[in-house]
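# A structural walkthrough
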Amino acid sequence: MLNARFFLAIVVAIVYLVAVPGTSLFRAAVSNDALTLRVSFGTPLLWLTTAVIVLIIFGVWKRFAWAWWLGVAAAGFQLVRMGLWVSQHYSLSRLPGEGTLLVLGLLVTFLVLMLSPGMRMACRR
(Lines give C-alpha, C1' and ligand atoms only; values in the text may rest on other atoms or scores of the structure.)
Protein backbone atom coordinates (compact mmCIF):
# COMPACT_ATOMS: atom_id res chain seq x y z
CA MET A 1 0.00 0.00 0.00
CA LEU A 2 2.93 2.32 0.66
CA ASN A 3 4.15 2.02 -2.91
CA ALA A 4 0.73 3.05 -4.23
CA ARG A 5 0.66 6.13 -1.98
CA PHE A 6 4.27 6.87 -2.80
CA PHE A 7 3.72 6.83 -6.56
CA LEU A 8 0.38 8.62 -6.25
CA ALA A 9 2.11 11.45 -4.36
CA ILE A 10 4.66 11.75 -7.16
CA VAL A 11 1.91 11.70 -9.81
CA VAL A 12 -0.04 14.41 -7.94
CA ALA A 13 3.13 16.55 -7.78
CA ILE A 14 3.67 16.06 -11.53
CA VAL A 15 0.04 17.01 -12.25
CA TYR A 16 0.53 20.09 -10.07
CA LEU A 17 3.67 20.91 -12.08
CA VAL A 18 1.69 20.66 -15.30
CA ALA A 19 -1.32 22.52 -13.89
CA VAL A 20 0.42 25.53 -12.36
CA PRO A 21 3.70 26.44 -14.08
CA GLY A 22 2.84 24.40 -17.17
CA THR A 23 -0.29 26.36 -17.97
CA SER A 24 1.66 29.62 -17.72
CA LEU A 25 4.27 28.28 -20.13
CA PHE A 26 1.51 26.99 -22.41
CA ARG A 27 -0.23 30.39 -22.40
CA ALA A 28 3.06 32.08 -23.25
CA ALA A 29 3.70 29.66 -26.12
CA VAL A 30 0.30 29.97 -27.80
CA SER A 31 -0.45 33.60 -27.06
CA ASN A 32 0.42 36.47 -29.33
CA ASP A 33 -0.01 38.84 -26.40
CA ALA A 34 3.29 40.07 -25.00
CA LEU A 35 1.56 40.99 -21.73
CA THR A 36 0.81 37.34 -21.02
CA LEU A 37 4.44 36.44 -21.60
CA ARG A 38 5.69 39.24 -19.38
CA VAL A 39 3.23 38.75 -16.51
CA SER A 40 3.15 34.97 -16.15
CA PHE A 41 6.22 33.52 -17.86
CA GLY A 42 8.60 36.23 -16.67
CA THR A 43 7.76 36.30 -12.98
CA PRO A 44 10.41 35.00 -10.60
CA LEU A 45 7.69 33.38 -8.47
CA LEU A 46 6.78 31.08 -11.38
CA TRP A 47 10.41 30.00 -11.78
CA LEU A 48 10.82 29.53 -8.02
CA THR A 49 7.62 27.46 -7.85
CA THR A 50 8.73 25.33 -10.79
CA ALA A 51 12.18 24.74 -9.27
CA VAL A 52 10.74 23.77 -5.89
CA ILE A 53 8.22 21.37 -7.45
CA VAL A 54 10.90 19.70 -9.58
CA LEU A 55 13.19 19.47 -6.53
CA ILE A 56 10.40 17.88 -4.47
CA ILE A 57 9.57 15.37 -7.21
CA PHE A 58 13.21 14.39 -7.60
CA GLY A 59 13.81 14.17 -3.85
CA VAL A 60 10.70 12.14 -3.10
CA TRP A 61 11.50 9.82 -6.01
CA LYS A 62 14.93 9.22 -4.47
CA ARG A 63 13.30 9.01 -1.02
CA PHE A 64 15.31 11.80 0.62
CA ALA A 65 14.17 13.04 4.03
CA TRP A 66 14.71 16.70 3.09
CA ALA A 67 12.30 16.25 0.16
CA TRP A 68 9.58 14.99 2.48
CA TRP A 69 10.01 18.03 4.74
CA LEU A 70 10.20 20.41 1.77
CA GLY A 71 7.10 18.83 0.21
CA VAL A 72 5.06 19.11 3.39
CA ALA A 73 6.23 22.68 4.06
CA ALA A 74 5.72 23.85 0.48
CA ALA A 75 2.28 22.25 0.15
CA GLY A 76 1.20 23.63 3.52
CA PHE A 77 2.49 27.11 2.70
CA GLN A 78 0.84 27.13 -0.71
CA LEU A 79 -2.41 25.80 0.74
CA VAL A 80 -2.53 28.54 3.38
CA ARG A 81 -1.58 31.17 0.81
CA MET A 82 -4.24 30.05 -1.66
CA GLY A 83 -6.82 29.53 1.08
CA LEU A 84 -6.42 33.09 2.30
CA TRP A 85 -6.68 34.44 -1.24
CA VAL A 86 -9.79 32.36 -2.02
CA SER A 87 -11.45 33.36 1.26
CA GLN A 88 -10.88 37.06 0.47
CA HIS A 89 -12.06 36.95 -3.13
CA TYR A 90 -14.86 34.36 -3.07
CA SER A 91 -17.77 33.24 -0.91
CA LEU A 92 -20.18 30.33 -0.78
CA SER A 93 -22.52 32.23 -3.09
CA ARG A 94 -19.71 32.84 -5.61
CA LEU A 95 -17.31 29.90 -5.77
CA PRO A 96 -13.91 30.01 -7.50
CA GLY A 97 -13.40 28.48 -10.93
CA GLU A 98 -12.52 24.90 -11.74
CA GLY A 99 -8.81 25.68 -12.10
CA THR A 100 -8.55 27.10 -8.60
CA LEU A 101 -10.49 24.19 -7.13
CA LEU A 102 -8.26 21.74 -9.05
CA VAL A 103 -5.10 23.31 -7.63
CA LEU A 104 -6.54 23.36 -4.10
CA GLY A 105 -7.56 19.71 -4.48
CA LEU A 106 -4.09 18.76 -5.71
CA LEU A 107 -2.46 20.51 -2.77
CA VAL A 108 -4.76 18.85 -0.23
CA THR A 109 -4.29 15.44 -1.87
CA PHE A 110 -0.50 15.81 -1.91
CA LEU A 111 -0.41 16.92 1.72
CA VAL A 112 -2.67 14.06 2.86
CA LEU A 113 -0.55 11.54 0.94
CA MET A 114 2.68 12.92 2.37
CA LEU A 115 1.30 12.86 5.93
CA SER A 116 -0.11 9.35 5.59
CA PRO A 117 1.44 6.66 7.79
CA GLY A 118 4.63 5.26 6.38
CA MET A 119 5.47 8.03 3.91
CA ARG A 120 7.78 9.75 6.37
CA MET A 121 9.53 6.44 7.04
CA ALA A 122 9.85 5.78 3.31
CA CYS A 123 11.73 9.05 2.83
CA ARG A 124 14.61 8.71 5.25
CA ARG A 125 17.80 8.79 3.21
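Below or above, wherever it landed, is the structure these notes cover. Here the structure is a predicted model, which is why all the values come from computation and not from measurement. (Residues numbered from 1 in each chain as written. Predicted model: local features only at pLDDT ≥ 70, side-chain atom pairs only at ≥ 80, totals over all residues. Heavy atoms only, no water.)

## Quick notes on the packing of helix α5 (residues 65-89) against helix α6 (residues 98-115)
The geometry of α5 relative to α6 is characterised by a closest axis approach of 9 Å and an angle of 145° between their N-to-C directions. Relative to α6, α5 is oriented so that their crossing is left-handed. In contact with Ala67, Trp68, Gly71, Val72, Ala75, Gly76, Gln78, Leu79, Met82 and Val86 of α5, α6 contributes Thr100, Val103, Leu104, Leu107, Val108, Phe110, Leu111, Met114 and Leu115. A breakdown of the residues in the contact of α5 with α6 according to their chemical character gives 15 nonpolar, four polar and no charged. (Axes fitted to C-alpha atoms, helices over the stretch in contact; angles between N-to-C directions. Helix = DSSP H or I, 4+ residues; strand = E, 2+ residues; numbered from the N terminus. Left-handed = near helix turned anticlockwise from the far one by under 90°. Contact = heavy atoms within 4.5 Å. Nonpolar A, V, L, I, M, F, W, Y, C, P; charged D, E, K, R; others polar.)

## Concerning the nonpolar core
Ranked by size, the top nonpolar core spans 27 residues in total, and within it Val60, Phe110 and Met114 carry the most contacts. Considering each element in turn, this core owes the most residues, eight residues, to α6. Non-local contacts of Phe110, meaning those with residues more than four positions away in its chain, are made with Ala9, Val12, Ala13, Ile56, Gly71 and Ala75. (Core = buried A, V, L, I, M, F, W, Y, C linked by side-chain atoms within 4.5 Å. Buried < 20%, exposed > 50% of the residue type's maximum accessible area, 1.4 Å probe, protein only.)

## Looking at the environment of Leu115
Within the secondary structure, Leu115 sits in helix α6. With 43 residues separating them along the chain, Leu115 and Val72 place their C-alpha atoms 7.7 Å apart. Apart from the residues within four sequence positions on either side, Leu115 is in contact with Trp68 and Val72.

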